[in-house]
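Chain residues, written in single-letter form:
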Amino acid sequence: MASERIFFCPGLAMARFRAQGVPKPEPLLQSGRHGRPQDPSGKTLRSNRESWHGGCYAGAIPEITTAILPGHPQMNPTRLSFAALLTLAACATSHDTESGHVVAPPMQMQGSAFDAAGQVEITKSEPQQFDGLHNLFRLSDNISSGSEPEGEAAFAKLQAMGIKTILSVDGKAPDAALAKKHGMRYVHVPIRYRGITRQERLEIVKTFRELEAPFYVHCFHGRHRGPAATALGRIVLDKVSRGEAIAEMRQYFGTSEKYEGLYSTIALKEIPDAQATQACDFDFAAAHRFKGFRQAMVDITRSFGTTEKLAKTGWKATDDHPDANALNESRRTTESFRQALELEELSRRPESFRQLMQISAEDSEKLTELLAKHAKGSQESGALAKTVLKKLKADCKSCHARYRNAGY
Ligand code: HEC
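Source: prediction; values computed, not measured.

A. How the structure looks around the nonpolar core. Judged by nonpolar contacts, the single largest core of 57 residues is most densely connected at Leu-232, Ile-246 and Tyr-263. Counting only domains with at least three residues in this core, you end up with domain 1 (2-108) and domain 2 (128-279). When sequence neighbours within four positions are dropped, the list of residues in contact with Leu-232 reads Arg-201, Ile-204, Val-205, Phe-208, Ile-266 and Ile-271. If you look at the next biggest cluster of nonpolar residues, it comprises ten residues, including Leu-310, Leu-327, Leu-370 and Leu-389.

Okay, structure coming up:
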């Protein structure tokens, strides 16, 4: 069946090919049923009372025109009329759903996936907090998720929970040695805020299918990217519906509305089947190290995050970070911004992007100067530093909104 072409990954060569940005067909419209929209679990989405076709095809057309239509490879979509396209999309996709290759049919929704995530009812649950381990939810015997484990105590806790495999989707290379010391294996599949690519989905789902459970899944804070990867595990291992999976992201972890790309990945994108993940060549690497801009961001978010925490205590060390020193952390942030500005890859970014980086670097430098004065006893500088810190935080957000968060 022709549609299998889009569900199988014939080895690494194809995977790399895809990773290099070659347009990949992603069926958005999967169900041929013309009834009331339902979450695959059978739960009806409350807000979706009208016909769903209008909402669906508008989003699906750009994808269809770049894709080989499932089941109809001989037809050139660009030559088809609008109406014919719709019929074809609906038929072709119902064909797929019935063929058994679709792990979970994409949701049918009007509005955003974030909205849909608020409409599925799930049991209330509160996060657990431990030493070096935050925002932790034990979702099933197979999967727990939360923040990046920090320090011996956190790894010991995970070991005591019986965790066998830790999956990090953060940009920072994880501490595989410390995990190993506690009898656990680390796998690193760094993902971005804008969504999870097909190659990343293959690697994540392969990890869930082929490595030993229980899994602990994390990003940095355990709020956005980690919960999205967790949702994939919930669907393939625990067989929850896509609707429940996105409801957990929103209602448990608090994944932000800003990251609609993460929500829509789980609600709509293909989830590779077992044949696809078997065929995919992935060595479960424990540490993928980045160079350049992305690494600078990984470093900045840590030093800046600690500075933010210290601001709340009037620049004094906390129980959480007894050795932290706001001035040192701010110096590290400034240094990372300066180094990032020197990167060759920045010359390929738009002028406005470089300007935003320049402004952030200057704000960070200003913050460092004020903290240096505060360290010498100036209370006024300490107060001013808080204002500059807020400005710097706003710099991060505005650049991310413009250049980082939008979906693939
Ligand atoms: C001029 C634009 C810009 C500014 C300013 C900026 N960022 Fe970023 N940031 C980006 C882009 C673009 C990415 C995505 C890079 C990639 O994935 O290749 C990113 C990625 C990140 C990531 C994800 C790293 C990972 O794990 O892959 C974090 C965290 C982050 N930024 C934090 C911050 C913080 C904190 C600040 C402010 C102190 C900040 N950024 C300032 C543009 C910016």
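B. Quick look at the site of the ligand. Near the ligand, the surroundings consist of 22 residues, among which Gly-171, Met-297, Thr-301, Cys-396 and Cys-399 are the closest. When contributions to the shell around the ligand are tallied by element, the ones reaching two or more residues are helix H12 (293-312), helix H14 (351-375) and helix H15 (379-403). With seven residues, the single largest contributor to the shell around the ligand is H12. In this structure, the shell around the ligand is formed jointly by two domains, domain 2 (128-279) and domain 3 (293-403), each of which donates at least three residues.

C. Examining the sheet that holds strand S5 (residues 185-188) more closely. Strand order in the open sheet made by the six strands is S1-S2-S3-S6-S4-S5, with mixed pairing throughout. The sheet is open, and its two edges are formed by strand S1 (128-130) and S5, each paired on a single side. This sheet shows a mean twist of 25° between the axes of neighbouring strands, independent of strand direction. Where S1 lies against strand S2 (residues 133-138), two bridges are found, and the strand directions are antiparallel. Within the sheet, the bridge partner assigned to Gln-128 lies in S2 and is Leu-136.

About the thresholds
- Residue numbers restart at each chain and count upward from 1, following the sequence in its written direction.
- Reporting in this predicted model follows two pLDDT cut-offs: at least 70 for local features of residues, and 80 or more for side-chain atom pairs to be given and counted; totals over whole chains, interfaces and linings ignore these cut-offs and use all residues.
- Any set of buried Ala, Val, Leu, Ile, Met, Phe, Trp, Tyr and Cys residues joined through C-beta atoms within 7 Å is what this text calls a nonpolar core.
- Here a residue counts as buried when 20 or more other C-beta atoms sit within 10 Å of its C-beta, as exposed when there are 12 or fewer, and as partly exposed otherwise, the C-beta atoms being derived from the backbone.
- Note: domain ranges come from an automatic or database domain assignment.
- Once C-beta atoms are placed from the backbone, any two residues with those atoms within 7 Å are in contact.
- Only the C-beta atom matters for nearness: placed from the backbone, it must lie within 6 Å of the molecule or strand for the residue to count as near.
- Each helix corresponds to a stretch of at least 4 residues labelled H or I by DSSP, and each strand to a stretch of at least 2 residues labelled E; elements are numbered beginning at the N terminus.
- By definition, two strands form a pair when at least two bridges between them are found by DSSP.
- Note on method: axes are straight lines fitted to C-alpha atoms, helices fitted across the in-contact stretch only, with angles between N-to-C directions ranging 0 to 180 degrees.

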